[in-house]
Every structure is written in C-alpha cells, then in structure tokens.
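Chain and residue survey
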Amino acid sequence: MMENKKGFNITFYLLILPVLLWLIVLIVLPHIYLLISSFQGETDSGASFFTLEHYETFFKNKIYWLTFVNTAAYAIGITVLAFIVTFPVAFYLTKVISKKYASFLALLLLIPLWVGELVTVYGWMIILGDHGVINEFLIYIGLIDKPIEMLYTNFSMTIGLLYVSMLFMVVPIMSTLESLDDSLIEAASDLGASKWTIFTKIIIPYSMPGITSGGIIVFMLVIGDYVAPDILGGKSSLWFTEQIYNEFLSTLDWGQGAAFGFLLLMISSSIIWIALKLSGQKLERVGS
Amino acid sequence: MKKLAISSVAIATLLAGSLYAGNGVLRLITWKGYAPKALVKKFKKETGITVKVTYSNNEEMIAKLRATRGGGFDLAQPSVDRIRFVQKRFHIYHPIDYSKINTSQITKSMVAAAKKISGVDGKVYSVPYIYGTTGLIINKKMAPGANDWSDLWNPKYAGHISYRLKRPILIGAAFGMGYNPFALYGNKAAYKKLIDKVAKKLIASKKYVKTYWTSGDTQKGLVDSGDVWVESGWDAIGWQVHDKNPNIDFVCPKSGALGWIDTFAIPAKSKNIEAAYKWINFILQPKNAAYVTNKSSYMTVSKDAPKYLDKKIKANFKRSYSKADIDNIKWYDALPSGFASIEAKALDRIKAAE
C-alpha cells in the first residue's frame, strides 16, 4: 500500500512540475514584474520610487483612454463581423457538403495562418492601394476614374484585422456544429418550424459555446494586435498596443508602458467577463 | 529518468550554444545596409571572426540593450545624439579606447563631433561610421516648386504629402516655421512651448497628409507608387528611388537639412571587445567603406573612401547638396533627458487629432 502511494506521488509531481514551471516562470512572474514596474517612477538620476502617476496619466489624458475605448469598440465590432462572416462558412462546411470535401476546404482556410500575419497584411496592401488590384480593376472597367482611398484608413485596418482573426472563429464553431444531430433540424422542420426559427432556436443555442470561445479568442487577438493597425491603419487610426509600444521604445518610460499593459489586460478581461455574464455562458463550458 | 537526463543535457547544450559568444564571434546589432554580406565574408577570411548581424533601429537597439543591461551584443550602432542620456541613465555602454581606433582613416571633423556629442564625464562612447541628412524627397514632375519643410503643409500638395510621425518631423517643422529648436536644448519650458506650437501646426495641416510612413521601405514605396509627391526622407533613400525613377530626388530643405551621424558603440557587457575594435577598423578602411557606400548610398566618414566611389554616388551628392546646403545642415546635438517625453506627447496628440 505504502509503496503504491509513493509511486503515485512521484508520477504526480513529475507531471505537475512542467505545468507549474510554465505557469509560474512564464506567466505569473512576468506579470508580477509588470505590475511592480507599473507602480515605479524614476527620477532623472535613475532612482526609483512608488507612484500612482502612470495610472493617473491614463485616466487624466483624454488621448489615452480615448484610444483604449476606440480599440475596444473596434475589437468588439470586428468580433461580431467575424461571427457574421464565418458562421455561414462553418455551417456549410459541417452540414451541407460531404465530409470528404469539407476537410479539404477547411485545410484551405488555414493557409493564411501558415504564411504569417505580416505577409497577409502586406498582401492586403497590394490589393487595397491607390494603384492596387481593386482600384486598377475598377478603373479598367470604367466604373470609376479616380482611385478610391481604401488603404491607410480604418476600413483597411478592419479588413486586415478581420482577415487574420476570423479563422479562430471558424474552428470552434465548426467543432460544436459537428456534434449537432441533423435529426434535430429535420424534426423541427417536420413540425413546421420556419428556417429562421430553426436557426435561432436550435442552431444558435447549440453552437453558443463555440461562438463564445471563438469570440473570446478573436476579441483578445484583435485588441492585442499590433501589426495590422500599424501597417494598414491610417494617419488617425489609434490602437492601444501602439501606445504601449511607444512608451517602451520611444520614450523609454517602461513604468508607463507596464501600466498601459496592465490596464489592457484588466479592462479587456473585464469586457470578456461582462460578455459572458450577458450571454449566460460559463467560462468552464466554453473552455471545453 | 535516463531520457529526462539526456534531454536536459541536450537542452542545456542548446542554451549554452546560443548564449555562447567566444573569441570567434562578433554579435553586431546594426541598421540594414551597414554590414554587407561580402564584407562579413572578407572579415572572416582575414581574422577568422564570424560576424552575426541583427538588423534594428535606434529605439529597438536602446530598448534591447536596456533590457539586458548592455548584454546580448558585442557591438551596436546607435545615432550619436541618442547616446549621452541613455548612458547617463542606464549605463549600457562601455567607453571607447581611442588608442585602439585607427583614427587616421576617419574624417577629422567627424571624430571631433562624435567625441563632443557622445562624451559623458570625460569618457567617449562612440566612433563615427555613416552620416547623412533628413530632408525632402520630391516628385519633381508633380511638385516642381517644393523645396522646404514648410511644403509639408502646403495646400498645393494636399493629399500627396507624407512624413514619419517621429522626432525629426517636429525638428524639421520647427526650422520650417523659422525657429531653431536646438538653441532651446538648455531650456525645457521654452522647448515644450515650441514643440506645442509645432504640434498645432501639424494638426491643423493634417488634412493634407496622405499617410505617415513608418520605415525606409514604406518611405520608398509611397513616392515610388506616385501616391506621394512631397515627403520627409533620408538622402540615401531619395537617391535609391532616383536610380529607378529620375523624376524623384532628394532635396535639401531651404531652412536646413537635419544631419545625423550613426556610430559604433560597445555595449557594457560585450563579450568580445577586441573583435569589435577589429571590425570598426576593418570596415572603415577606404575600400571597404566605399563598398558600403556604393551599395547603399549612405555617406561614409572614411577619409579616403571617395577615391573608390562610383560616379553615380558622387553625382547624387553633387546634385542634392550645394556648398550652401552643406553649410546649412543642422546637426543633431545630444538630446537632453526628459525631452523625449515632451516630443512623444506631442506626437501622440498629432496622431490622435482628426
């Protein structure tokens, strides 16, 4: 008995060790360090002291919190857009066409992930530019005579962010839809339910966990993205990560940058918490 | 258990391999074009030292060295005006031992400038390498009259103007408005006032701007595509575009181009200082320095390099710089500490404005 228990213990600790190491070294410690430095001010001579000024800066200067509000609003909007765009795709791939083609098409969807965000973003530059593919085509067929300004606007930024993040919406939705029994839909339509009723009463509620987990991933990816807003965004597009980048790299004010980073973490987590409450979902269910 | 031991040994070896920087390796953090492959190869042949090159820019270089307290690289190449306040606050560089530098192959005035601008408490922290100016890149066919910083808010070119939203535009715009920002480096309050005035100007004229460029590549792309006619830019980039499209060229602004000097500085925890000195002396040899300039158009401080320069490069210089333009170059002085945040706040306001 004793020996058995001991053996269990060793295996248990061996298994838990990497998990703990991961959590503590890669997640907990850096965040504690970030939190501490967000409260640290620095005199001109380099001595540090405790201060709340970095957090005050955020709430007192309109530009900072406005940038955050702007970023959060765009992130929410893009999450909704991602759902609208990808739900029909996910439904089509799981319910309409045969399994054989579905897995091949799903593989195609993943291709943009393989080339990386930077390359896909540059691709959009080529498509949307004043002398880009779309404008040249529209001018060629004579629909317009002057290029429409699409690149370096909030429009191009939205497209870029949507494109790099929507895959993370498709996959969770597909995996919940796959387990939806087709006979439920058949039964509903036999009993005279309209397509709209089937959609809102059966399909959406059933796939809600997938939608929510996709939504959380997309929201977090978008709100924390840097590349697409930086390259595709226009002269007035504000993105909060750019503020963080500026504090760390241009002004070398790491305390301020750390405070911004922490605020981003806190506020975006709260937004997700509120969204979960509103939609009646539980994180445990969504995570599985 | 055995497997675990083996794999941990393997991981340890891997880590050691990546951290190891022995006598045979020089880890260089620099700008694109500053350490051409051919010279890296030649250096290896002559000295047996392998140069590992990482591309970066001023902000990243400083942030990286600050994070490691001067470790991770054996030689860095920041601009001369960014050294003093960084060294004073973060102590990330090692002083230069000028007795190990072959100063006879460097233009005297450049050595003097580097010594003056990057000196801290009687020690010098940099050796000059490449210099150039920030001025205007103009599409002469579309905007034949543009020749000053003030053309960056000239309604005539509305929708075809671009610049980078970083400190050079604040300085350039101040000169374009008739002020001398460098004269206010001793007076923080007056400097802030001037920068606020400049910010107001740039906000009021924001509607004329097509977009803000963010790198050498976007700078090139914007004028090259014909979308932008007047933009702030680096001389070498203007000349690179001129090679392909003769309508576009670098122009010195009437109120003065902004002169910068990029240097060599040795990080505090450099593990191969000897190799760093060897590389500096090697790449500043006239032939090698001329090779760098011929390839990138960046101007070198190597004294005798002009003998080996291509005709095209010399022509670039002659076309863009008159004698008066050269005398009128405004050289960046060391930025006092605390000034960067004044500028950063102004830049944030401009970016946020409608």
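These figures come from a predicted structure and were not determined experimentally.

Concerning the overall build of chain B
Broken down by element type, chain B carries 14 helices and 15 strands. Rg of the C-alpha trace for chain B: 22 Å, near the compact-globule value of 20 Å for 354 residues, within the 12% margin. Principal-axis analysis of the C-alpha atoms places the extent of chain B at approximately 70 × 45 × 45 Å. Within chain B, buried positions represent 47% of all 354 residues. When contacts within chain B are restricted to residue pairs at least 6 apart in sequence, long-range pairs at least 24 apart make up 76% of them.

What to know about the sheet that holds strand S2 (residues 50-55) of chain B
All names here are of chain B. Taken in spatial order, the three strands of this open sheet run S2-S1-S3, and their pairing is parallel. Either end of the sheet is taken by a strand with one partner, and the two such strands are S2 and strand S3 (75-76). Two strands pair when backbone bridges link them, and strand S1 (residues 25-30) and S3 are joined in this way by two bridges, in the parallel orientation. Paired with isoleucine 29 across the strands is alanine 76, a residue of S3. In this fold helix H10 (residues 273-283) packs onto S1, S2 and S3, with an angle of close to 60° to the strand it touches most, S1.

Focus: the domain arrangement of chain B
It is common to give the size of an interface as the accessible area that goes away when the parts come together. Residue and element names in this part refer to chain B. According to the domain assignment, chain B consists of domain 1 (2-131 + 260-322) and domain 2 (132-259 + 330-352). One C-alpha centre belongs to domain 1, the other to domain 2; they are set 27 Å apart. Listed as interface residues are 19 residues of domain 1 and, on the opposing side, 19 residues of domain 2. In the side of domain 1 that touches domain 2, the residues fall into nine nonpolar, four polar and six charged.

Re the nonpolar core
All names here are of chain B. Core analysis: the largest hydrophobic core is formed by 115 residues, its most contacted members being Leu75, Val230 and Trp279. When residues in this core are grouped by element, the largest group, seven residues, is from strand S7 (residues 127-139). Both of domain 1 (2-131 + 260-322) and domain 2 (132-259 + 330-352) provide at least three residues apiece to this core. Contacts of tryptophan 279, omitting those with residues within four sequence positions, involve Leu26, Phe43, Val51 and Leu75.

Some details on the pairing of S1(B)
As a general feature of sheets, a regular strand has side chains that alternate between the two faces. Residues and elements named next belong to chain B. Within S1, five of the six residues are buried, leaving the element largely enclosed by the surrounding structure. Where S1 lies against S2, six bridges are found, and the strand directions are parallel. Its bridge partner lying in S2, leucine 26 is registered against valine 51. Regarding topology, helix H2 (residues 37-47) serves as the crossover connection from S1 to the parallel S2, and that connection is right-handed.

Remarks on the interface of chain A and chain B
Taken residue by residue, the interface counts 21 residues in chain A and 23 residues in chain B. Those elements that provide at least two residues to the side of chain A that touches chain B are helix H3 (62-96) and helix H12 (240-249) of chain A. Looking at the side of chain A that touches chain B residue by residue, the classes come out as seven nonpolar, nine polar and five charged.

Side note on the confidence of the model for chain B
All names here are of chain B. When pLDDT is averaged along chain B, the result is 90, and 94% of the positions lie at 70 or above. Throughout residues 1-6 the model reports pLDDT below 50, and contacts reaching past four residues in sequence, or to other chains, amount to zero contacts. Under a pLDDT of 50 for its full length, residues 12-21 has, in the predicted model, four contacts with residues more than four places off or in other chains. Two numbers describe this predicted complex: its pTM, 0.82, and its ipTM, 0.77.

Things to note about the environment of Glu42(A)
All names here are of chain A. Structurally, glutamate 42 can be placed in strand S1 (residues 40-42). On the basis of neighbour counts, which here come to 16 C-beta atoms within 10 Å, the residue glutamate 42 falls in the partly exposed class. If we skip the residues at most four places from it in the chain, glutamate 42 touches Ser48 and Gly255.

Looking at unusual backbone geometry
A negative phi angle is the norm for most residues apart from glycine, just as the trans form is the norm for most peptide bonds. In this model, Tyr152(A) sits at a positive phi of 60°, which is unusual for a non-glycine residue. Mapped onto the elements of the fold, Tyr152(A) is located in the loop between helix H6 (133-140) and helix H7 (154-165). Assessed through the 27 C-beta atoms surrounding it within 10 Å, Tyr152(A) is described here as buried. We note that Asp121(B) has phi near 50°; this positive angle belongs to a residue other than glycine. As for its position among the elements, Asp121(B) is in the loop between strand S5 (119-120) and strand S6 (123-124).

Thoughts on the packing of H3(A) against helix H14 (residues 339-352) of chain B
In the contact formed by H3(A) and H14(B), the axes pass within 10 Å of each other and the chain directions differ by 45°. What the angle tells us is that H3(A) and H14(B) run oblique. The chirality of how H3(A) crosses H14(B) is left-handed. On H14(B), the residues touching Ile63(A), Leu66(A) and Thr67(A) of H3(A) are Asp348(B), Arg349(B) and Ala352(B). Taken together, the residues of the contact of H3(A) with H14(B) sort by class into three nonpolar, one polar and two charged.

Some points on the environment of Ile92(B)
Here Ile92(B) lies in the loop between helix H4 (84-90) and strand S4 (93-94). When residues no more than four places from it in sequence are discounted, the contact partners of Ile92(B) are Leu65(B), Arg66(B), Arg69(B), Gly70(B), Val86(B), Gln87(B), Pro267(B) and Ala268(B).

Observations concerning the packing of helix H5 (residues 117-128) of chain A against H7(A)
The axes of two packed helices give the description: the angle between them and the distance between them. Residue and element names in this part refer to chain A. Close contact between H5 and H7 brings their axes to 10 Å; oriented N to C, the two are set at 140°. By the angle between their directions, the pair H5 and H7 is classed as oblique. Where H5 crosses over H7, the handedness of that crossing is right-handed. Seen from H5, the contacting residues are Glu117, Thr120, Val121, Trp124 and Leu128; seen from H7, they are Ser156, Ile159, Gly160, Tyr163 and Val164. For the contact of H5 with H7, the residue count by class is six nonpolar, three polar and one charged.

Definitions and cut-offs
- Residues numbered from 1 in each chain as written.
- Chains lettered and ligands numbered in written order.
- Predicted model: local features only at pLDDT ≥ 70, side-chain atom pairs only at ≥ 80, totals over all residues.
- Helix = DSSP H or I, 4+ residues; strand = E, 2+ residues; numbered from the N terminus.
- Rg over C-alpha atoms; globule rule 2.2 N^0.38 Å.
- Buried ≥ 20, exposed ≤ 12 C-beta atoms within 10 Å, placed from the backbone.
- Contact = placed C-beta atoms within 7 Å.
- Pairing = 2+ DSSP bridges.
- Axes fitted to C-alpha atoms, helices over the stretch in contact; angles between N-to-C directions.
- Domains from an automatic or database assignment.
- Nonpolar A, V, L, I, M, F, W, Y, C, P; charged D, E, K, R; others polar.
- Core = buried A, V, L, I, M, F, W, Y, C linked by C-beta atoms within 7 Å.
- Right-handed = clockwise from strand over helix to strand, strands pointing away.
- pLDDT = per-residue confidence, 0-100.
- Parallel < 35°, antiparallel > 145°, perpendicular 65-115°, else oblique.
- Left-handed = near helix turned anticlockwise from the far one by under 90°.

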